[in-house]
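Coordinates in review
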Amino acid sequence: MGVWIMAGVTFREAVRKKVLWTALAVGFLFLALFGTGLHYQVKDLARANPVIRRQVPNGILMVGLYAVDLLAMVITVLASADTLSGEIASGTIQAVATKPVMRWEVLLGKWLGFVGMMTVYIVVMVGGLTSVAYLLSGATALHLVRGAFLIWLESVVLLDVSLLCGATFSTLTNGVLVLGLYALAFLGGWIEQVGAVTHSPRAVEVGIIASIIMPSESLWRRAAFEMQAPLVGALNISPFSNASVPSLAMIAYSTIYLTVALVLALRSFSARDL
Amino acid sequence: MPSPESLASSSPAIQTRGLRKQFGGKVAVKSLTLDISRGEVFGFLGPNGAGKSTSVKMLLGLVTPTGGKASVLGFPAGSIEARKKTGFLPEHFRFYDWLTSAELLRLHGRLYGMRDVQLRKRVPDLLEMVGLAAHRDNRLRDFSKGMMQRVGLAQALLNEPDLIILDEPTSGLDPGGRRLVRDIIRTQRDRGATVFLNSHLLSEVEITCDRVAFIKHGEVLEIRRLAGSVENETAVCVQARKFGPEILAGLGHWASGIQSGDQQITFTVASMEALPIILRYLVSHGVDVYEVTPQRLSLEELFLQIVGEDGGL
Ligand SMILES: Nc1ncnc2c1ncn2[C@@H]1O[C@H](COP(=O)(O)OP(=O)(O)O)[C@@H](O)[C@H]1O
Ligand SMILES: [Mg+2]
């Protein structure tokens with residue numbers, strides 16, 4: 001019961017404090033920019049050969065999805081970084097934690113609220129972007145649902161790490177830490193890609209180690225692989241070649257990772273002094 | 001055989017044995033042993049940093065003790081069963097400022113497991129009681145510190161608790177607010193509830209306590225019954241000459257809080273019966289006594305005497 005009350009209040013907080021609306025407003029601004037760019041690109045490609053004419057918009061769609069992914073991850077961290085550390089610092093959490101609810105119910109409820117908010121955001125943004133791309137250029141993502149699910153999974157990974165760190169560190173430390181890990185994974189992903197293209201197994205290893213520390217980027221790259229039209233990948237038109245596609249084992253690992261992070265967050269929040 | 005329910009309601013409101021909390025190297029609460037019975041209004045008085053908040057946080061399960069035991073309403077301190085019947089006003093009450101006061105109370109009511117039908121009546125009643133009926137649909141963002149404190153009091157009473165723990169309830173309140181706190185405490189006591197009150201100051205509120213404990217540097221220095229016994233407790237001021245430290249030490253048999261000035265000794269006796277004995281003792285040891293003045297001790301003097309003028313800082 002406590003779980004659902006906390007989930008509701010967390011989701012409502014995102015709505016009332018305008019986090020969700022601001023994020024959506026930024027998202028729509030981004031969609032407008034994307035649509036305008038794509039519109040002119042399609043016009044200027046009118047006389048190019050049909051393969052190019054089909055594949056370039058597909059490549060642009062992938063770049064757009066990448067930007068949506070980035071936006072979603074930043075919003076996940078910004079929205080959740082403060083929820084534990086901030087409420088512990090201000091003492092707000094005391095009124096809740098002394099009610100007849102378990103600590104884990106409080107945190108799991110918050111988690112559900114954020115997951116709900118991010119689900120809405122990802123569905124709206126991925127749906128909006130692919131619709132714009134389809135209407136303007138006929139470009140489509142191959143396995144859209146699979147891709148969107150992996151983006152969602154990536155968001156949950158970051159949410160869990162943000163809650164775990166938020167149960168221990170201050171808001172600022174937490175934000176810097178989670179975004180830092182995200183940047184590390186991002187860098188590792190590119191090192192792995194380049195390493196695969198240039199046949200440098202040690203560079204690939206570096207990338208894999210980075211994605212073990214923080215699997216967010218490998219989830220995105222698997223998502224890109226699922227959504228990308230085969231030809232785009234093969235021709236390397238988009239920056240998301242399938243030179244080194246994260247395996248299904250990597251997805252399984254990410255699922256374990258996010259579960260462990262959530263369990264650790266619940267435990268550390270339950271044990272700490274408030 | 002008594003049911004667990006009736007066992008619980010005959011158990012003390014609060015019982016602690018050697019309760020201790022240490023933050024790293026810093027001892028916040030040394031060894032707290034308290035027995036507070038049902039229906040008592042208990043004041044926990046001491047300067048800032050004395051360990052009052054840490055003590056109540058241990059009772060509520062917010063802070064894990066480093067040692068000792070505590071039970072609340074017959075259940076382990078911090079357990080769900082104990083919390084069901086407890087209301088708590090945290091120090092510096094704050095909550096999501098995007099909620100209205102009525103929404104805040106509904107949310108907390110639901111956390112207590114109350115139903116919407118119950119809350120439809122209870123929430124307006126409580127807002128009325130704390131004088132916020134006109135502000136029920138205003139966001140907490142626009143509330144003053146005193147108004148927040150009033151909302152905080154209301155949320156502590158939602159579940160008609162058997163135990164109400166108030167951490168510095170009068171801080172930030174104007175005289176009207178302080179009277180409100182006093183009235184609420186009385187109403188709750190008349191209902192049969194136990195009230196545990198933390199405070200670093202003394203006002204008309206603290207004076208309504210049945211018993212008070214004075215705490216400083218994490219230690220309870222003294223527990224006094226206020227109703228009645230303070231009148232018996234008497235401070236005495238003696239103007240005298242020719243007394244030395246060994247004479248003062250000997251006074252310790254009958255008096256406490258012994259202090260001496262140039263030509264003056266002050267001490268406290270538990271009963272006036274001790275006074276003639278002390279006088280005989282002084283005179284027979286060659287002290288010249290010029291004047292003996294018993295003084296009725298006010299709670300404030302008691303506080304300063306026990307806690308020290310420096311406020312323990
Ligand atoms: N979380 C904490 N970490 C470290 N020290 C703390 C913590 N909470 C309280 N203290 C210290 O414990 C002592 C008692 O604090 P507290 O219980 O808040 O006192 P009071 O409520 O009587 O003003 C203070 O010296 C305070 O600095
Ligand atoms: Mg305090």
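Located above this text is the structure these notes cover.
From a predicted model like this one, the values you see are computed outputs, not experimental measurements.

**Details of the side chain of S79(B)**
Residue and element names in this part refer to chain B. For S79, the location among the structural elements is in the loop between strand 5 (75-76) and helix 3 (80-84). Given a relative accessible area of 15%, S79 falls into the buried group. One polar contact links the side chain of S79 to the main-chain carbonyl oxygen of P76, over a distance of 2.7 Å.

**A few points about helix 9 (residues 201-213) of chain A**
Quick reminder: α-helices carry 3.6 residues per turn. Residues three or four places apart thus point the same way. Residues and elements named next belong to chain A. Over its 13 residues, helix 9 runs 19 Å from end to end, which matches the ideal 18 Å to within 8%, given 1.5 Å per residue. Among the residues of helix 9, A203, V204, G207, A210 and S211 are the ones counted as buried. Viewed along the axis of helix 9, the buried residues span an arc of 115 degrees, placing them on a single side of the element. Across helix 9 from its buried face, at more than 90 degrees, point the exposed residues P201, R202 and I209. Summarising the contacts, the buried residues of helix 9 are in contact with helix 8 (171-197), helix 10 (216-227) and helix 12 (248-271).

**Brief notes about the nonpolar core**
Of all hydrophobic cores here, the largest spans 141 residues; its most connected members are Y121(A), F269(A), F95(B) and F196(B). Examining the composition of this core, we find that 13 residues originate from one element, helix 6 (residues 103-137) of chain A, more than from any other. Excluding anything up to four places from it in sequence, F269(A) contacts L84(A), I88(A), I93(A), R103(A), V106(A), L107(A), A167(A) and L274(A). Grouped together as the second largest cluster of nonpolar side chains are 17 residues, L248(B), I265(B), A274(B) and V287(B) included.

**Notes on the sheet that holds strand 1 (residues 14-23) of chain B**
Residue and element names in this part refer to chain B. Pairing in this open sheet of 4 strands is antiparallel, and the strands run 2-1-4-5 from one edge to the other. Each edge of the open sheet carries a strand with a single partner, namely strand 2 (26-36) and strand 5. Of the pairings in the sheet, the one linking strand 1 to strand 2 comprises 7 bridges and is antiparallel in character. Among the inter-strand pairings, F23 is bridged to a residue of strand 2, identified as K26. Its contacts with the sheet place helix 2 (residues 52-60) against strand 1, strand 2 and strand 4 (67-72), and it is angled at close to 115 degrees to strand 1.

**Observations regarding a nonpolar patch on the surface**
A cluster of nonpolar residues, L70(A), V74(A), L78(A), L179(A), F186(A) and W190(A), forms a patch on the protein surface that exposes about 470 Å² of accessible area. Taken together, the elements giving at least two residues each to the nonpolar patch come down to helix 3 (50-80) and helix 8 of chain A.

**So, the interface of chain B and chain A**
The partner chain A presents 25 residues to the 27 residues of chain B that form the contact. Carbon and sulfur atoms make up 61% of the surface buried where chain B meets chain A, a total of about 2,600 Å² over both sides. When residues of chain B are sorted by the area they lose upon contact with chain A, L62(B), W98(B) and L111(B) head the list and together hold 30% of the total. Along the contact surface separating chain B from chain A lie 2 salt bridges. Our enumeration of links across chain B and chain A arrives at 15 residue pairs in polar contact (both at pLDDT 80 or more). Listed by contribution, the elements that provide at least two residues to the side of chain B that touches chain A are strand 1, helix 2, helix 3 and helix 4 (101-111) of chain B. Among the elements that line the side of chain B that touches chain A, the one with the most residues is helix 4 of chain B, at 5 residues. Looking at the side of chain B that touches chain A residue by residue, the classes come out as 15 nonpolar, 4 polar and 8 charged.

**Some details on the layout of surface pockets**
Computed from the structure, the largest pocket encloses a volume of approximately 440 Å³. Taken together, 23 residues line the largest pocket, and the ones lying closest to its centre are E13(A), K17(A), D82(A), E87(A) and Y96(B). Taken together, the elements giving at least two residues each to the lining of the largest pocket come down to helix 1 (2-16), helix 3, helix 4 (83-90) and helix 6 of chain A. Top element by residues in the lining of the largest pocket is helix 4 of chain A. It accounts for 4 residues. Across the lining of the largest pocket, the residue classes break down as 11 nonpolar, 5 polar and 7 charged.

**Digging into the coordination of the magnesium ion (ligand 2)**
Residues and elements named next belong to chain B. Binding of the magnesium ion (ligand 2) to the protein goes through S53 (OG), E91 (OE) and E91 (OE), at separations of 2.0 to 2.7 Å. Of this pair, S53 sits in helix 2 while E91 sits in the loop between strand 6 (86-89) and helix 4, placing them 38 residues apart in sequence. The class for S53 is buried, based on a relative accessible area of 17%.

**Quick word on the sheet that holds strand 10 (residues 219-225) of chain B**
All names here are of chain B. If you walk across this open sheet you meet the 6 strands as 6-7-8-3-9-10, and the pairing is mixed. On the outer flanks of this sheet lie strand 6 and strand 10, each paired with one strand and no other. Mean inter-strand twist for the sheet, computed between neighbouring axes without regard to direction, equals 15 degrees. In this structure, strand 7 (residues 163-167) lies alongside strand 8 (residues 194-199), joined through 5 bridges in parallel fashion. Within the sheet, the bridge partner assigned to D167 lies in strand 8 and is N198. The sheet strands contacting helix 6 (residues 145-157) are strand 6 and strand 7, and the helix crosses strand 6 at an angle near 170 degrees.

**Some words on helix 8 of chain A**
Residues and elements named next belong to chain A. A rise of 1.5 Å per residue sets the reference length of helix 8, with its 27 residues, at 39 Å; its end C-alpha atoms lie 39 Å apart and thus fit the reference within 8%. Burial in helix 8 covers these residues: N174, G175, V178, Y182, A185, G188, G189, E192, Q193, G195 and A196. Packed against the buried residues of helix 8 are helix 3, helix 7 (144-166), helix 9 and helix 10.

What counts as what
Residues numbered from 1 in each chain as written. Chains lettered and ligands numbered in written order. Predicted model: local features only at pLDDT ≥ 70, side-chain atom pairs only at ≥ 80, totals over all residues. Heavy atoms only, no water. Helix = DSSP H or I, 4+ residues; strand = E, 2+ residues; numbered from the N terminus. Buried < 20%, exposed > 50% of the residue type's maximum accessible area, 1.4 Å probe, protein only. Polar contact = N/O pair within 3.5 Å; in protein donor to acceptor, adjacent residues only side chain to side chain. Expected span 1.5 Å × (residues − 1). Arc of directions from axis to C-beta. Contact = heavy atoms within 4.5 Å. Core = buried A, V, L, I, M, F, W, Y, C linked by side-chain atoms within 4.5 Å. Pairing = 2+ DSSP bridges. Axes fitted to C-alpha atoms, helices over the stretch in contact; angles between N-to-C directions. Patch = residues over 30% accessible without salt bridge, like charges linked within 9 Å, V, L, I, M, F, W, Y side chains within 5 Å. Areas by Shrake-Rupley, 256 points an atom, 1.4 Å probe, with all protein chains shown as cover. Salt bridge = Lys/Arg side-chain N within 4 Å of Asp/Glu carboxyl O. Buried area = accessible area lost by both parts, 1.4 Å probe. Nonpolar A, V, L, I, M, F, W, Y, C, P; charged D, E, K, R; others polar. 1 Å grid on protein atoms, 1.4 Å probe; cavity = no way out; pocket = protein on both sides within 12 Å on 5 of 7 lines; lining within 4 Å. Points joined across faces, edges and corners; volume = space filled by probe spheres on them. Donors = N, O, S within 2.8 Å, 3.2 Å for Na, K, Ca; no water.

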